[in-house]
Amino acid sequence: MDLQALYRRLREEADKVIVGLDQPFELLVVALLTGGHVLLEGVPGTAKTLMAKTLAQLVQARFMRIQFTPDLMPSDILGTSVFDLASGKFYLKKGPIFTQLLLADEINRAPAKTQSALLETMEERQVTLEGERYQMDLPFMVIATQNPIEYEGTYPLPEAQLDRFLFKVLVPYASLKVEMEVLRRYNNGFDAHDLATTGLRAVIGPQEIAEARQSIQQVVVEAGILT
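Predicted model, so just to flag it, every value in this text is computed and none were measured.

1. Some thoughts on the environment of Gly189
And step 1. Assignment of secondary structure puts Gly189 in the loop between helix 8 (176–187) and helix 9 (206–217).
And step 2. Accessibility expressed as a relative area gives 54% for Gly189, which makes it exposed.
And step 3. C-alpha separation for the pair Gly189 and Val221, spaced 32 residues apart in sequence, amounts to 48 Å.

2. Details of the sheet that holds strand 1 (residues 38–41)
And step 1. If you trace the five strands from one edge of the open sheet to the other, you get 2-5-8-1-9, paired in parallel fashion. Sheet topology places strand 2 (63–67) and strand 9 (167–170) at the edges, where each strand pairs with a single neighbour. Ignoring strand direction, the axes of neighbouring strands in this sheet form an average angle of 20 degrees.
And step 2. Note: strand 1 against strand 8 (residues 141–146), four bridges, orientation parallel. For Leu40, the partnering residue across the bridge sits in strand 8 and is Thr145.
And step 3. Here helix 2 (residues 22–34) sits on the sheet in contact with strand 1, strand 8 and strand 9, set at roughly 165 degrees to strand 9.

3. Quick notes on the pattern of salt bridges
And step 1. Per the stated rule, a full pass over the model turns up 11 salt bridges.
And step 2. A salt bridge links Glu181 to Arg185; its shortest N-O distance comes to 3.0 Å. Placement of both Glu181 and Arg185 in helix 8 is noted, with a separation of four residues, approximately one turn of the helix.
And step 3. Overall, Glu181 belongs to the partly exposed group, its relative accessible area being 23%.
And step 4. Residues joined by salt bridges that share partners form a network here, namely Arg11, Asp15 and Asp22.

4. Points about the packing of aromatic side chains
And step 1. Taken as a whole and judged by the stated rule, the model has three aromatic pairs.
And step 2. With a centroid separation of 6.4 Å and an interplanar angle of 40 degrees, the aromatic rings of Tyr7 and Phe25 are classed as tilted. Taken together, the residues span a long stretch of sequence, with Tyr7 in helix 1 (residues 3–14) and Phe25 in helix 2 at a distance of 18 residues.
And step 3. Their ring planes at 90 degrees and their centres at 5.2 Å tell us that Tyr186 and Phe190 sit as a pair that is edge-to-face.

5. Here we look at the side chain of Arg213
And step 1. On the secondary structure map, Arg213 appears in helix 9.
And step 2. Leave out the neighbours within four places in its chain, and Arg213 touches Leu32, Leu33, Gly35 and Pro139.

Definitions and limits used
Here the residue index of a chain counts from 1 through its sequence in written order. Given that the model is predicted, a residue must reach a pLDDT of at least 70 before its local features are reported, and side-chain atom pairs must reach 80 or more before they are shown or counted; all residues, however, enter totals for whole chains, interfaces and linings. As a rule here, side-chain values cover all heavy atoms of the structure and leave hydrogens and water aside. Runs of H or I in DSSP of at least four residues are treated as helices and runs of E of at least two as strands, each being numbered from the N terminus. Relative accessibility under 20% of the residue-type maximum defines a buried residue, over 50% an exposed one, and the middle range a partly exposed one, all with a 1.4 Å probe and only protein chains included. Pairing between two strands requires that DSSP report at least two bridges joining them. Working convention: axes come from line fits to C-alpha atoms, limited for helices to the stretch in contact. Angles between N-to-C directions cover 0 to 180 degrees. Residue contacts are defined here by distance: any two heavy atoms, one from each residue, within 4.5 Å place the two residues in contact. What makes a salt bridge here is a side-chain nitrogen of Lys or Arg within 4 Å of a carboxyl oxygen of Asp or Glu, nothing more. Whether two aromatic rings pair depends on their centres lying within 6.5 Å, for rings of Phe, Tyr and Trp, where Trp uses its six-membered ring; planes under 30 degrees apart make the pair stacked, over 60 edge-to-face, and the rest tilted.

What follows is the structure, encoded as structure tokens:
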């Protein structure tokens, strides 16, 4: 598989929605194709959520968003067992983590106990609830965001959590040129909440992502680089 051509196709489609942000978007794609997760850090309004939603549509991945808050519980992420009166049995009501691309918005707003609900899934692509293991549908990827300028009421991510991310990407303010282009698009009717109106089309699907990952495994790393 020609990975450079694949990225060019993804970038061309993404340009219908995203202005600038070349490096953050490129690192999101790299993480997706290598099975990693990404922590995006930037002030509100820098298109972090928009990038995640756009990537999900480009690769035909199911997308879920969790707004992290101080009162969020692990069961709000993973799910919980519910008793069914009709059958007289418990069944698992799956939480939003059972998706393919998960946006953990403002992840540092929740305490460590809640953040830790993601640890097993990010590392092993599975969820263990009441002794039962549930495998995640591939490709599974977590994109987390955090605001670098507001620290009141936040809980810094522990090292074990940070270790699960392949990249921490700083999303900068847009340049004047980019801001002017964003304003022009909104003036012409762009709606970030309705990406269907932008003509955004899927480029690849889960099968092609699996093939891309296999291609990456064929890359030879010389011994000199390792040392």
